[in-house]
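Chain by chain, the residues:
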Amino acid sequence: MTEVKSNLETKKDMKLWNFNFIALLAINTLTFMAFYLVFPLLAKYTSNLGASLSTAGIIVGLFSFTALLIGPFGGVLTDRTSKKYVMIIGTFINGIATLGYGLSPNITFIIFFE
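If you're wondering where the values come from, they're calculated on a predicted model, not measured in any experiment. (Residues numbered from 1 in each chain as written. Predicted model: local features only at pLDDT ≥ 70, side-chain atom pairs only at ≥ 80, totals over all residues. Heavy atoms only, no water.)

Visitor: Even after reading the chapter, I still don't get the nonpolar core, so can you show me in this structure?
Guide: Most often, soluble globular proteins have nonpolar side chains that are buried together. Grouped together as the largest cluster of nonpolar side chains are nine residues: Val38, Leu42, Ala51, Ile59, Val60, Phe63, Tyr101, Ile107 and Ile110. At the level of secondary structure, the elements contributing two or more residues to this core comprise helix H2 (19–48), helix H3 (53–80) and helix H5 (107–113). Among the elements that make up this core, the one with the highest residue count is H3 (three residues). Split by domain, the residues of this core number at least three in each of domain 1 (18–66) and domain 2 (81–113). Residues contacting isoleucine 110, with those up to four places away along its chain left out, are Leu42, Tyr45, Thr46, Leu49, Ile59, Tyr101 and Ser104. (Core = buried A, V, L, I, M, F, W, Y, C linked by side-chain atoms within 4.5 Å. Buried < 20%, exposed > 50% of the residue type's maximum accessible area, 1.4 Å probe, protein only. Helix = DSSP H or I, 4+ residues; strand = E, 2+ residues; numbered from the N terminus. Domains from an automatic or database assignment. Contact = heavy atoms within 4.5 Å.)

So, in structure tokens, the structure goes:
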């Protein structure tokens, strides 16, 4: 009788810690660090630009709300298209938004970059 190798046996030779995995791990770590470092600083920055505390709180809330709204669309995009390109485009957009927060001269531009 012919033995059929299970899927687990054929994938045994693949290594987890290869270059692609380490690069992906590093990019994700840096992306989420940027996201979570911007989050607490955004309220203080908006108040330094002249916003009231309630306005700064609303802007930080919009930041979180936007992240929740975009998540499902990102999931659908990764299912339908290349995960690599979705990650590259998402990282690029995140970088532009983070840079935009620092270069914003007023509250309107900060809301635009959200």
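Text resumes after the structure shown.
Visitor: Hey, could you run me through the UniProt feature "transmembrane region" (unreviewed entry) in the chain in this one?
Guide: In this numbering, the UniProt entry assigns the feature "transmembrane region" (unreviewed entry) to residues 21–43, 49–73 and 85–113. Spanning residues 21–43, this segment combines 100% helix with 0% strand, and its end C-alpha atoms are found 35 Å apart. Annotated as 90% helix and 0% strand, the span residues 85–113 places its first and last C-alpha atoms 21 Å apart. (UniProt positions renumbered as here; feature names shortened; annotations may be inferred.)

Visitor: I tried to follow H2 on my own but got confused; where do I start?
Guide: Side chains three or four residues apart in an α-helix point the same way, a direct result of the helix having 3.6 residues per turn. In this model, H2 (30 residues) spans 43 Å end to end at C-alpha, consistent with the 44 Å of a helix rising 1.5 Å per residue. The axis of H2 is deflected most strongly, by about 40 degrees, at leucine 41. All of the buried residues in H2 are Thr31, Val38, Leu42 and Thr46. On its buried face, H2 sits against H3, helix H4 (83–103) and H5. Where H2 begins, the capping side chain belongs to asparagine 18, and its oxygen is found 3.3 Å from the backbone nitrogen of asparagine 20. Among the residues trailing H2, glycine 50 stands out with phi positive, at a value near 110 degrees. (Expected span 1.5 Å × (residues − 1). Bend = angle between axes of the 7 residues up to and from the residue. Polar contact = N/O pair within 3.5 Å; in protein donor to acceptor, adjacent residues only side chain to side chain.)

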